[in-house]
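Close look at the chain arrangement
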Amino acid sequence: RRFPVCAAYVLVAVLSILSATTWGFASLCTARFLVGCAFGLGQPAWNTLCSEISPSHWRMTLSVFSNIMFVIGELYSAMIIWISDPDMLWLDWRWLLIVGAYPGCILSLLGMFFLNESPSWLAVKGFHGLARDVLEDMRSMNRRPKVSVDVCPKVVCGNSFANASVGIRDHAFIIFGRVMLYSTLVVAYSCFALNF
């Protein structure tokens with residue numbers, strides 16, 4: 001879960017800066033489409049990671065806070081537009097794209113150094129020592145020295161890690177399969193239309 005989040009930050013930053021070097025409408029549209037894909041890579045992974053690393057009574061609050069960060073990004077965009085040209089008559093769009101990439105650059109560095117992998121994901125994949133290390137780090141940051149960080153693998157139907165073998169391909173067959181295809185397309189179109 002950590003890798004897609006960090007990769008999304010890096011891709012948003014790099015592709016936003018590359019957007020400023022585009023030479024025409026088609027190349028700009030392609031670059032911005034790829035920025036949107038990078039957002040699509042990171043947001044679901046962050047939502048999952050956030051719910052896995054937070055206590056159950058804090059999940060709703062942290063989810064709301066995560067969504068508020070999107071609004072803060074919009075306020076940042078409005079601020080740099082206002083700094084560039086308050087009347088919005090002669091905007092330097094290339095400068096706006098580069099300055100708009102700063103949060104992605106900063107967050108990619110912070111994520112690489114400070115964002116831990118999900119202990120749940122690590123445990124499911126069989127990395128119990130790493131999961132315990134992450135939990136110990138979380139216990140230390142939260143100043144809760146008496147909280148147990150024991151990691152016990154779950155046994156499902158006599159087979160440890162029964163769900164660990166389900167991969168991206170299996171999930172893609174589900175969401176693009178006959179039963180879910182219409183819902184997938186409606187949600188994808190809605191997200192696209194609401195963001196443009």
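Attention here is on the structure that accompanies the text. Being a predicted model, the structure only gives us computed values, none of them experimental.

1. So, the overall build of the protein
When its secondary structure is counted, the protein shows 9 helices and 2 strands. For the protein, the sequential pattern of α-helices and β-strands runs α-α-α-α-α-α-α-β-β-α-α. For the protein, the C-alpha atoms occupy an extent of roughly 65 × 50 × 30 Å along the three principal directions. Summarising the internal contacts of the protein: among those between residues at least 6 apart in sequence, 57% fall at separations of at least 24. If you sum the accessible surface of the protein, you get close to 14300 Å²; carbon and sulfur atoms cover 70% of it.

2. Observations regarding helix α7 (residues 128-141)
Compared with the 20 Å implied by 1.5 Å per residue over 14 residues, the 20 Å span of α7 between its first and last C-alpha is a close match. Among all positions in α7, only His 128, Ala 131, Val 134 and Met 138 are buried. Taken around the axis of α7, the buried residues stretch over an arc of 125 degrees, which confines them to a single face. For α7, the elements touching its buried residues are α2 (25-53) and α6 (119-124).

3. A short note on the packing of helix α1 (residues 2-19) against α2
Taken N-terminus to C-terminus, the directions of α1 and α2 make an angle of 165 degrees; their axes are 8 Å apart at the nearest point. The angle between α1 and α2 places the two elements in the roughly antiparallel class. For the element pair α1 and α2, the recorded crossing hand is left-handed. From α1, Pro 4, Val 5, Ala 7, Ala 8, Leu 11, Val 12, Leu 15, Ser 16 and Ser 19 reach across to α2, where they touch Leu 28, Ala 31, Arg 32, Leu 34, Val 35, Ala 38, Phe 39, Leu 41, Gly 42, Ala 45 and Trp 46. Classifying every residue of the contact of α1 with α2 by side-chain character gives 16 nonpolar, 3 polar and 1 charged.

4. With respect to the environment of Thr 30
On the secondary structure map, Thr 30 appears in helix α2. Residue classification places Thr 30 among the partly exposed residues on the basis of a relative accessible area of 45%.

Reading the values: the criteria
Residues numbered from 1 in each chain as written. Predicted model: local features only at pLDDT ≥ 70, side-chain atom pairs only at ≥ 80, totals over all residues. Heavy atoms only, no water. Helix = DSSP H or I, 4+ residues; strand = E, 2+ residues; numbered from the N terminus. Contact = heavy atoms within 4.5 Å. Areas by Shrake-Rupley, 256 points an atom, 1.4 Å probe, with all protein chains shown as cover. Expected span 1.5 Å × (residues − 1). Buried < 20%, exposed > 50% of the residue type's maximum accessible area, 1.4 Å probe, protein only. Arc of directions from axis to C-beta. Axes fitted to C-alpha atoms, helices over the stretch in contact; angles between N-to-C directions. Parallel < 35°, antiparallel > 145°, perpendicular 65-115°, else oblique. Left-handed = near helix turned anticlockwise from the far one by under 90°. Nonpolar A, V, L, I, M, F, W, Y, C, P; charged D, E, K, R; others polar.

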